[in-house]
Amino acid sequence: MPQEPAAIASVLQESRAFPPPEAFSRAAVVGDSDRHERLQALSREAPEVFWREVSRELHWFQPFTTVRSGSGPDTRWFEDGTTNLAYNCLDRHLEGPARNRAAIIWEGEPGDTRTLTYLELHREVCRMALVLSELGLAKGDCVGIYMPMVPEAAIAMLACARLGLVHSVVFGGFSSEALKDRMNDAGARAIITADGGWRRGQVVQLKAQVDAAAPSIPTLEHVLVVRRTGTPVAWTEGRDVWWHERRSLVGEQHEAVPVGAEDRLFILYTSGTTGKPKGLVHTTGGYMAQVFLTSRFIFDLKEQDVYWCTADVGWITGHSYVVYGPLLSGATVFMYEGAPLHPGPDRFWSMIARWGITILYTAPTAIRTFMKLGDDHPRRHDMSTLRLLGTVGEPINPEAWMWYHRTIGGERCPIVDTWWQTETGAIMIAPLPGITTTRPGSATQPFFGIRPDIVDGQGQPVPDGQGGYLVIREAWPSMARTIHGDHARYLTQYWSQVPGSYFTGDGARRDADGCYWIMGRVDDVINVAGHRLGTMEIESALVSHAAVAEAAVVGRPDEVKGTSVVAFVTLKAGRKGDEALKGELRNHVATEIGAIARPEEIRFTDALPKTRSGKIMRRLLRELAGGGEAFGDTTTLEDLSVLAALRQDDEG
Ligand code: 7RM
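Overview of the structure. Computed from a prediction, not measured in an experiment: that's the story for all the values here.

This part is about the sheet that holds strand β26 (residues 516–521). Pairing in this open sheet of four strands is antiparallel, and the strands run β22-β23-β25-β26 from one edge to the other. Of all strands in the sheet, those with a lone pairing partner are β22 (452–455) and β26, marking the two edges. Between one strand axis and the next, the sheet turns by 45° as a mean value, whatever way the strands run.

The environment of the ligand is formed by 16 residues, the closest being D417, T418, T422, D506 and R521. A distance of 2.8 Å separates an oxygen atom of the ligand from a polar atom in the side chain of D506. Here K615 contributes a side-chain N or O atom positioned 3.4 Å from an oxygen atom of the ligand. For the ligand, whose accessible area on its own is 520 Å², the fraction buried by protein is 90%. Looking at the shell around the ligand residue by residue, the class counts come to six nonpolar, five polar and five charged.

Attention now goes to the sheet that holds strand β18 (residues 332–336). Pairing in this open sheet of seven strands is mixed, and the strands run β6-β5-β18-β17-β19-β20-β21 from one edge to the other. The outermost strands of the open sheet, each flanked by one partner alone, are β6 (113–117) and β21 (415–417). Strand after strand, the sheet turns through a mean of 20° between neighbouring axes, direction not considered. Bridge analysis of strand β20 (residues 388–391) against β21 gives three bridges, and the strand direction is parallel. Bridged to L389 within β21 is I415.

For the rest of this paragraph, the subject is the nonpolar core. W51, L121, L132, L158, I192, F299 and Y324 are the most contacted members of the largest nonpolar core, which has 139 residues in total. For this core, the element with the highest residue contribution is helix α6 (residues 151–163), accounting for 10 residues. Counting 48 residues, the second-largest nonpolar core is a separate cluster that includes I408, I415, V543 and V553.

Moving on to the pairing of strand β12 (residues 222–226). In terms of residue burial, β12 counts as a mostly covered element, since five of its five residues are buried. Neither face of β12 is open: one carries H222, L224 and V226, the other V223 and V225, and all of them are buried. Bridge count between β12 and strand β13 (residues 240–242): three bridges; the pairing is parallel. Its bridge partner being in β13, V223 is matched across the sheet by D240.

Criteria and cut-off values
- Residues numbered from 1 in each chain as written.
- Predicted model: local features only at pLDDT ≥ 70, side-chain atom pairs only at ≥ 80, totals over all residues.
- Heavy atoms only, no water.
- Pairing = 2+ DSSP bridges.
- Helix = DSSP H or I, 4+ residues; strand = E, 2+ residues; numbered from the N terminus.
- Axes fitted to C-alpha atoms, helices over the stretch in contact; angles between N-to-C directions.
- Near = heavy atom within 4 Å.
- Polar contact = N/O pair within 3.5 Å; in protein donor to acceptor, adjacent residues only side chain to side chain.
- Areas by Shrake-Rupley, 256 points an atom, 1.4 Å probe, with all protein chains shown as cover.
- Nonpolar A, V, L, I, M, F, W, Y, C, P; charged D, E, K, R; others polar.
- Core = buried A, V, L, I, M, F, W, Y, C linked by side-chain atoms within 4.5 Å.
- Buried < 20%, exposed > 50% of the residue type's maximum accessible area, 1.4 Å probe, protein only.

Printed below as a string of structure tokens:
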């Protein structure tokens, strides 16, 4: 256990409830409560039958005879079946109505656009698969993907899956150093990259980063380069090849390679509690089944939808809900290359209006950024095509949820707050938008066949309403199978803290209605005078004050209380941070939650330090709050100047 096993005090109360709009339920993929109950009963009582039925909708070269074998961390799914994820995303649709439907609608940051139908996407993926196999890459080899958000990022992933190559996508915002470490850990034989990509009006020089990393990646033989920006690049003959040149030399028909259900599909790196990133390994069959079903059921995907998940393909959300899930469902995916506020604060809303986007899935940190910019930007655009909204990545504070609901969703769109992790592969806890009554700040109910629980430090279930550690009691199809090269770490980190259960590292509570409220990472949970508080709950209270845009709360060692609460706060435009406001905010928290949560100290700052995926770097703030210098690992920090400014505030 990361901390001593006292109960986590959960004090946030939220009573607003939003049942699904009737019209939404009537048309929903799962909207009928009788059917919902039948599915729920089946998934509970006979999960193997449930997942067998789901997987039958997908194509298997060699049908599986066993659904689940092994147990706990060693569980295998559909073990004796063979399939191919790219075949299921593409070929499977070509004989049906999706053949000429847009698979990807893409907009570049400068405003250029491309649309690929399922047929066209299939051809591009076949071509890239042919190019990769001509380079000598074969089933089981690892290929790095280091790309901007252009269609070729998805094409590269699908081409790897088509050949049984194991891809490892590295977020294009990571440095050459980070790329080098990951490619070495994975043993990559090739990297697929681009000359550059557009971000905030500038070219991000991806090929140059690969060039810098390449000499220190001994396994690397080939670099396949997509021309995107036309920026001049250095060239290493014999190693580097242009995609557009090779593409014109190959055909457009390629037979997908059958792979075992338990063959590796990808490795994706994520940060843990130590400095060394963990390469989570996902396999094919189970991942495919759960990503398919969650996409269809939770995003209610229909053929008329234009679905936009704003995540980069460098994160698990980009893997499961930009590329694989929606394509398995035959949906139309919208993809955007650039920065959210470029060239102006209404870029998102303008694209939603212009493309008639119907489903938007984004992160709370983005929502709070937009909220801070005010209502005028979204109001200027007709977003009446939107019918469903989603959030992922961190707990959403009720203020931001309500703003999303009112200002973006026009009070008509259900919001699916989806809880899951890189490790879980697919969504685990989320509403079904046609069935579940949502509550601002709650991810609500477990998905079919998922058995979460909340336990104390001894692994014993805690009563409803009481906070504790979120665990998953039974193996699920899309779970990561190991940490690449370190199975022992996989076992200790995830499967030993509560024997027999998967340990998520998150704190949560379940209310009397069975809804889950995620309180954040347990290492972000603080113990104040013997009471454990979720930092997110205090942040929510702060953000509910009219002057506050964003808040991050950390603990600071305190002689009397054990830990005291320090809050880093950014204010809305036009608000001045002075002593009077500090007092007001401290009292506001005390009123919202209780005196126990009242921050000892409030620090105003222009911005909070965040990782590139938008998560607040609380560890750095903890070091700062404790009077330290925050010299720890900052390789994932989005904007180092933020940290410098916070240090200065410290001195000033
Ligand atoms: C999908 C993703 C995982 C961590 C997880 C949580 C937090 C994610 C939610 C959430 C509250 C949510 N994968 N988290 N979704 N917290 N509500 N809906 O983000 O591996 O990058 O992060 O993110 O702490 O453990 S991840």
